[in-house]
Amino acid sequence: MNVVCSSTASSASNQNELTPIAISYGDGIGPEIMTAVVDILNQAGAKLEYWPIEVGETVYNQGHSSGIAPETWQKLQKAKVFLKAPITTPQGGGFKSLNVTIRKTLGLYANVRPCASYAPFVKTEHPHMNVVVIRENEEDLYAGIEHRQTEQVYQCLKLITKPGCERICRYAFEYARANGRKKVTCMTKDNIMKLTDGLFHKVFDEIGSDYPEIQKEHRIIDIGMAQVACRPELFDVIVTPNLYGDILSDVAAEVAGSVGLAPSSNIGDHCAMFEAIHGSAPDIAGQNIANPSGLLLAAVMMLVHVGQPEVASAIHNAWLCTIEDGIHTKDIYQLGISKELVGTREFGNAVCQRLGSIPKQFSTITYTEVSPLQSEPIHASQTRQKKELVGIDIFIDWTRTVDELAMRLQSAETQHMKLQMITNRGVKVWPNGFPETFVTDHWRCRFISDPQLEVPKQELQDIMGNLLKAELDFIKSETLCLFDGQPGFSLGQGQ
Ligand code: NAD
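Computed from a prediction, not measured in an experiment: that's the story for all the values here. (Residues numbered from 1 in each chain as written. Predicted model: local features only at pLDDT ≥ 70, side-chain atom pairs only at ≥ 80, totals over all residues. Heavy atoms only, no water.)

**Comments concerning the sheet that holds strand S3 (residues 81-84)**
Working step 1: Taken in spatial order, the ten strands make up an open sheet running S2-S1-S3-S12-S11-S4-S5-S10-S8-S9, and their pairing is mixed. Both edges of this open sheet fall to strand S2 (48-52) and strand S9 (215-220), since each of them pairs with a single strand only. Pairs of neighbouring strands in the sheet enclose a mean axial angle of 25°, with direction left out of account.
Working step 2: Relative to strand S12 (residues 272-276), strand S11 (residues 263-267) runs antiparallel, the two being bridged by five bridges. When the sheet's bridge partners are listed, Ser264 is paired in S12 with Glu275.
Working step 3: Sheet strands touched by helix H4 (residues 98-105): S3, strand S4 (110-116), strand S5 (130-136), S11 and S12. Its angle to S12, the strand with the most contacts, is close to 155°. (Pairing = 2+ DSSP bridges. Helix = DSSP H or I, 4+ residues; strand = E, 2+ residues; numbered from the N terminus. Axes fitted to C-alpha atoms, helices over the stretch in contact; angles between N-to-C directions. Contact = heavy atoms within 4.5 Å.)

**Re the packing of aromatic side chains**
Working step 1: Here the structure, examined in full by the defined rule, presents eight aromatic pairs.
Working step 2: With a centroid separation of 5.9 Å and 90° between ring planes, the pair formed by Tyr118 and Phe362 is classed as edge-to-face. Taken as a pair, Tyr118 in the loop between S4 and S5 and Phe362 in the loop between helix H11 (344-353) and strand S15 (387-397) lie far apart in primary sequence, 244 residues in all.
Working step 3: A connected cluster of aromatic rings, assembled from ring pairs, spans Tyr118, Phe121, Trp319 and Phe362.
Working step 4: Seen from the ring of Phe235, Lys183 lies directly overhead, with NZ or CZ sitting 5.9 Å from the centre. (Phe/Tyr/Trp six-rings, centres within 6.5 Å; stacked < 30°, edge-to-face > 60°. Lys NZ or Arg CZ within 6 Å of the ring centre and 35° of its normal.)

**Concerning the domain arrangement of the protein chain**
Working step 1: Considered domain by domain, the protein chain is made up of domain 1 (19-353) and domain 2 (387-487).
Working step 2: Taking only C-alpha atoms into account, the centre of domain 1 sits 43 Å from that of domain 2.
Working step 3: The interface is formed by six residues belonging to domain 1 together with six residues belonging to domain 2.
Working step 4: Put simply, domain 1 and domain 2 have zero salt bridges between them.
Working step 5: On inspection of domain 1 and its partner domain 2, the count reaches five residue pairs in polar contact (both at pLDDT 80 or more).
Working step 6: For the side of domain 1 that touches domain 2, the class distribution of residues is one nonpolar, four polar and one charged. (Domains from an automatic or database assignment. Salt bridge = Lys/Arg side-chain N within 4 Å of Asp/Glu carboxyl O. Polar contact = N/O pair within 3.5 Å; in protein donor to acceptor, adjacent residues only side chain to side chain. Nonpolar A, V, L, I, M, F, W, Y, C, P; charged D, E, K, R; others polar.)

**Focus on the packing of helix H1 (residues 30-43) against H11**
Working step 1: Where H1 contacts H11, the axes come no closer than 9 Å and their chain directions differ by 15°. Relative to H11, H1 is oriented roughly parallel. Two packed elements cross with a definite hand, and for H1 against H11 that hand is right-handed. Side by side, H1 and H11 meet where Glu32, Ile33, Ala36, Asp39, Ile40 and Gln43 of the first sit next to Thr344, Gly348, Val351 and Cys352 of the second.
Working step 2: Partitioned by chemical class, the residues of the contact of H1 with H11 number five nonpolar, three polar and two charged. (Parallel < 35°, antiparallel > 145°, perpendicular 65-115°, else oblique. Left-handed = near helix turned anticlockwise from the far one by under 90°.)

What follows is the structure, given as structure tokens:
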């Protein structure tokens, strides 16, 4: 089995020094699985100093809408490393995801999720699967910028940045190189989102050229994800934007055998957070039946990160021995394969008893000291591109016919910017729309100079004034610009 580890600016600890780590016991099954994990870490001789912090349900209920109190941040920033049990997000509006808040506040841009199968001891259709999903962790639809724009239409902004793509693609290739991986697959939907996903794909190709020894490929996310579900052995490392990565990594973990086994690290330039990918499983909380493996393997990734690879190897090997000895929690128990059904505590004890043992059927794991990844500092490009205003998209709330709307909009034209088209949900409906096209109360109206020549900025103000005079219900606008002569906007569907 290949060694899978997370590696970033590792704070290799001095032999005798304890490395401080912030630790939270979480909600639901959190306290049970964290207790088991901490026992194993202690028995294995991990040189860690635990700084307990409280996040999650209790903190939400104290009125902190993101599940973390302001004073807790300092501890996290100081420790730089956080081992987190799953937490429960209260139902209902007004609560922000703690995970998203921590990832974005601490700049944890890379989410690394190894998904390996442990056949035949853990049931799976894919015994040779060993995939690492590297998910961009801060951008995309998770910017959480949402608006209700009309009675019928709601919007969520998908933001993809060039520095964000550069960081995550660089991380994926560095990870592959550091871990002896052979191939990195990029997955996007750039056949539809040509600018945003197109940028991710383009940056992947550019950065990939620095890694000639690594095979590179691109898949459209839909077919790519289907292949992960059916033929995961085709893949090695996968890098993908935030939302796709979120879904893909759960699919991959499930296909590997159990979400209860999959660990995850969230890596930034300054801090890192380690956790299981599963949630707080309130349905089985307090029953001593939860599988602590996902959190334990996350703790193994953490030990590699803080420069304790020998302890990481000892724990990982002891865990593999436990699995191949058939000592299984309920979620992975199989008649005929498993030897003993155990609870959370007993599983932890079984791992402790096997510390120092080497697996007989699985390959032995040997982690080594990892040097910090070669991530280039992100600089804004030295020379800014030439940006020329050539038009504007105006979004209007309107419930009558499109021809009536077009007439009013034409009265708002300026010297250079003329009405070129109107779309509804992205499809061109004027001029020459189809009666079959379904329309809502949300219209995107494109004014553009033809040929695309620079428009004086003053005309932005003119057009707004004209729209007011035409009594149109303005929602928002997007300027249309050329960047070094290339359009920074997409065509309308059907244009
Ligand atoms: P879940 O992952 O908690 O549970 C899904 C199913 O998997 C349940 O049947 C559960 O019993 C089982 N399961 C999960 N972990 C297991 C383990 N270690 N051993 C054995 N079985 C296990 O997902 P959910 O039910 O959708 O979410 C429950 C709560 O967890 C929600 O409040 C959600 O917001 C939260 N959540 C937190 C995190 C996190 O803190 N990182 C992640 C996901 C969900």
